[in-house]
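# Close look at the chain arrangement
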Amino acid sequence: MIIIAGLGNPGTQYAANRHNIGFMAVDALQRLPSFSPWSRKFKAEISEGEIAGEKILLMKPLTFMNLSGEAVGEAMRFFKVKTGDIIAIHDELDLAPGRARIKIGGGHGGHNGLKSLDAHCGKEYRRLRLGIGHPGDKERVHGHVLGDFAKSDKTWLEPLLDAIADNADMLVKGEDSQLMNKLALAVGVKTEEKPAAKPSKPAAQSHIHQARNSAQPKKLPETGPMAEMLKRMFAKKD
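Now for a description of the structure that goes with this document. Quick caveat, the model's predicted, so the values are computed rather than measured. (Residues numbered from 1 in each chain as written. Predicted model: local features only at pLDDT ≥ 70, side-chain atom pairs only at ≥ 80, totals over all residues. Heavy atoms only, no water.)

This paragraph deals with the environment of Ala100. Within the element layout of this structure, Ala100 appears in strand 6 (residues 100–104). Take Ala100: its relative accessible area is 7%, and that puts it in the buried class. Measuring from C-alpha to C-alpha, the distance between Ala100 and Leu128 comes to 7.1 Å, with 28 residues separating the pair along the chain. Residues contacting Ala100, with those up to four places away along its chain left out, are Leu95, Arg129, Leu130, Met180 and Leu183. (Helix = DSSP H or I, 4+ residues; strand = E, 2+ residues; numbered from the N terminus. Buried < 20%, exposed > 50% of the residue type's maximum accessible area, 1.4 Å probe, protein only. Contact = heavy atoms within 4.5 Å.)

Rendered as structure tokens:
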């Protein structure tokens, strides 16, 4: 079994917060045909289903963000799931809105939900990081993450969430580079293309080589001291 845990805060007052993009992502996955309706267990809302032939447990912890690991850890121990078979989907301040990255392990970067997962589940779980952008000032971070997405964010938010669900098999199978390409295309992020290589200049030729390749070599002198010297040099011996 693989546990896919979206991180966020329960309650309608938090439902549209940037901090709840993890909840939004697992909601999109739960709408796939194989998943059961949401129910409550392990201090979380859960839904069981299948993706790419793997049994999947979707989770939205009800413990609030800072204690997310309590819920995920409880389910992990019940199903005897390894840390490497946990996927956490969460908001990422250090990525521009609409950008996504995935990695295994690493630091929590001050994210309290990840800090709790580290404590209860270990650190080597996979993290699907969904960018919400940084407000630019540390003092504004709290209000930014607990603020609702703007109406203009729908232009990238909805396509991103749909793309996560549409390509869930890549997420489960660990096809990370392909998944990142699909998510980037969904939100209109163009992959950077390398500029075409400039045609290389021909290597500089020596004066001797240039002389040998000259299309029209200079005519040899027929008269004068140089002509006499050449005649003596190339004259046939008796």
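Once you've had a look at it, read on.
This part is about the sheet that holds strand 4 (residues 54–61). Read from one edge of the open sheet, 7 strands run 2-3-4-1-5-7-6, paired in mixed fashion. Two strands in the sheet have a free side with no partner beyond their single neighbour: strand 2 (39–41) and strand 6. Across the sheet, the mean angle from the axis of one strand to that of its neighbour is 30 degrees, orientation sign disregarded. Where strand 3 (residues 44–51) and strand 4 come together, 8 bridges link them in antiparallel fashion. Residue pairing in the sheet places Ala44 in a bridge with Pro61 of strand 4. Its contacts with the sheet put helix 2 (residues 68–79) on strand 1 (2–6), strand 2, strand 3, strand 4 and strand 5 (86–92), and the angle it makes with strand 4 is roughly 155 degrees. (Pairing = 2+ DSSP bridges. Axes fitted to C-alpha atoms, helices over the stretch in contact; angles between N-to-C directions.)

In the structure shown here, the tally under the stated rule is 5 aromatic pairs. The interplanar angle of 55 degrees and the centroid separation of 5.3 Å between the aromatic rings of Phe42 and Phe78 together place this pair among those described as tilted. Taken together, the residues Phe42 in the loop between strand 2 and strand 3 and Phe78 in helix 2 connect sequence positions 36 residues apart. Note on Phe42: relative accessible area 6%, which makes it buried. Summarising the aromatic geometry, the rings of Phe149 and Trp156 are spaced 5.7 Å apart at their centres and angled 80 degrees between planes, so their arrangement reads as edge-to-face. (Phe/Tyr/Trp six-rings, centres within 6.5 Å; stacked < 30°, edge-to-face > 60°.)

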